[in-house]
Amino acid sequence: MKLDIQILDARLRDQLPAYATPGSAGLDLRACLDSTLHLQPGDAAVLVPTGIAIHLNNPEYAALILPRSGLGHKQGLVLGNLVGLIDSDYQGQLMVSAWNRGQQAITIEPLDRIAQLVIVPVVQVQFNLVEQFDQSTRGTGGYGSTGSQ
Ligand SMILES: O=c1ccn([C@H]2C[C@H](O)[C@@H](COP(=O)(O)OP(=O)(O)OP(=O)(O)O)O2)c(=O)[nH]1
Ligand SMILES: [Mg+2]
């Protein structure tokens, strides 16, 4: 699928987001910072520009901003909003809410790859208002109702 993209930061001219391997789901997003960013444990999340904008232009798609697994697990660099949801009609710069959920200071250098973008299909629904649902096997059971073994 072809996706309209704008480069808002000239430093990205030669490095558009790319899939690292043929099977990759995520496109790494870079921190378009002017200087090194230090995130201390307990600091509020910092909104980091990515230097790009996309326009999905189709309600059957959305994009998700997710942590990179290595940074999230090892360093504690995750997202202040946990997951970023990019609407198909959003045309502004993609922003990453960078949050240090860990116990060590984190250093982000300009153009570091700090998060990843995944394009996903979306189903928009119309509601069919009912008094009762047809009974399913699960019914209203949840939160461990099926046991653990
Ligand atoms: O991590 C994120 C999350 C969102 N966005 C942009 C794209 C998205 O389409 C827009 C709005 O996001 P969302 O709907 O999640 O936030 P909201 O608080 O509901 O804002 P709005 O009232 O603008 O919908 O902000 C980002 O750039 N990065
Ligand atoms: Mg919204």
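Above this text is the structure in question.
Here the residue index of a chain counts from 1 through its sequence in written order. Numbering of ligands from 1 and lettering of chains from A proceed in the order in which they are written. It should be noted that, the model being predicted, local features are given only for residues of pLDDT at least 70 and side-chain atom pairs only at 80 or more, the latter also being counted only at that level, while totals for whole chains, interfaces and linings use all residues. Side-chain calculation: all heavy atoms of the structure are included, whereas hydrogens and water are not.

Peer 1: I would appreciate a short explanation of the sheet that holds strand β1 (residues 4–7) in the present structure.
Peer 2: The strands that make up a sheet are held in pairs by hydrogen bonds between backbone atoms, and each pair lies either parallel or antiparallel. Pairing is antiparallel in the open sheet, where four strands are placed in the order β1-β4-β8-β6. With partners counted over all chains shown, the strands left at the sheet margins are β1 and β6 (77–79), one partner each. Pairwise comparison of adjacent strand axes, ignoring direction, gives a mean angle of 45° for this sheet. Examined bridge by bridge, strand β4 (residues 46–55) and strand β8 (residues 93–100) share five bridges and lie antiparallel to one another. What sits directly across from Ala53, in β8, is Gln93. Pairing between two strands is assigned when DSSP locates at least 2 bridges connecting them. Only DSSP runs of H or I covering at least 4 residues are called helices, and only runs of E covering at least 2 are called strands; the numbering of each starts at the N terminus. A fitted line through C-alpha atoms represents every axis, and for helices the fit uses only the stretch in contact; the resulting angles, taken between N-to-C directions, go from 0 to 180 degrees.

Peer 1: Help me understand the nonpolar core in this model?
Peer 2: Nonpolar core, defined: a set of buried Ala, Val, Leu, Ile, Met, Phe, Trp, Tyr and Cys residues in which side-chain atoms within 4.5 Å join the residues together. Exposure categories follow from relative accessible area, calculated using a 1.4 Å probe and restricted to protein chains: below 20% of the type maximum is buried, above 50% is exposed, and the middle band is partly exposed. Core analysis: the largest hydrophobic core is formed by 26 residues, its most contacted members being Ile65, Leu77, Ile108, Ile114 and Leu117. Sorting the residues of this core by element identifies β2 (27–30), β3 (37–39), β4, β5 (61–67), β6, β8, β9 (106–108) and β10 (113–121) as the ones contributing at least two each. Sequence-distant contacts of Ile65, that is, excluding residues within four places in its chain, are made with Leu29, Leu79, Val83, Gly84, Ile86, Met95, Val96, Ala115, Gln116 and Leu117. The contact rule is simple, with two residues in contact once any of their heavy atoms fall within 4.5 Å.

Peer 1: Just checking my understanding: could you explain the site of ligand 1 for this structure?
Peer 2: Note on definitions. A residue lies near a molecule or strand when any single heavy atom of the residue is within 4 Å of it. Taken together, Ile65, Asn81, Gly84, Leu85, Ile86, Asp87, Tyr90, Gln93, Leu94 and Met95 are the residues near ligand 1. For ligand 1, an oxygen atom lies 3.0 Å from a polar atom in the side chain of Asn81. Whenever a nitrogen or oxygen atom comes within 3.5 Å of another N or O atom, the pair is scored as a polar contact, on the condition that within protein one atom can donate a hydrogen and the other can accept it, and that pairs from neighbouring residues in sequence are kept only if both atoms are in side chains. The separation between a nitrogen atom of ligand 1 and a polar main-chain atom of Met95 is 2.8 Å. Throughout, the Shrake-Rupley method with a 1.4 Å probe supplies accessible areas, and for residues the shown protein chains are the sole cover considered. Against a free-state accessible area of 570 Å², the protein chains account for coverage of 49% of ligand 1. Contributions of two or more residues to the shell around ligand 1 are made by β7 (84–86) and β8.

Peer 1: Teacher, can you tell me more about the layout of surface pockets here?
Peer 2: Where empty space is left can be seen by rolling a probe of water-molecule size over the atoms. Note on definitions: the grid is 1 Å and covers protein atoms alone; a cavity is a set of points where a 1.4 Å probe fits but cannot get out; a pocket is an open set with protein on both sides within 12 Å along at least five of seven lines; lining residues have an atom within 4 Å of a point. Grid points are joined across faces, edges and corners, and a volume is the space filled by probe spheres set on the points. Each pocket or cavity is described by its volume, and for the largest pocket that value is around 260 Å³. Forming the walls of the largest pocket are Met1, Leu3, Ile5, Leu16, Pro17, Tyr19, Leu27, Ile52, Ile54, Leu117 and Ile119. Those elements giving two or more residues to the lining of the largest pocket turn out to be β4 and β10. In this count, Pro and Cys sit with the nonpolar residues alongside Ala, Val, Leu, Ile, Met, Phe, Trp and Tyr, while Asp, Glu, Lys and Arg are called charged and the others, Gly among them, polar. When grouped by side-chain class, the residues that make up the lining of the largest pocket number 11 nonpolar, no polar and no charged.

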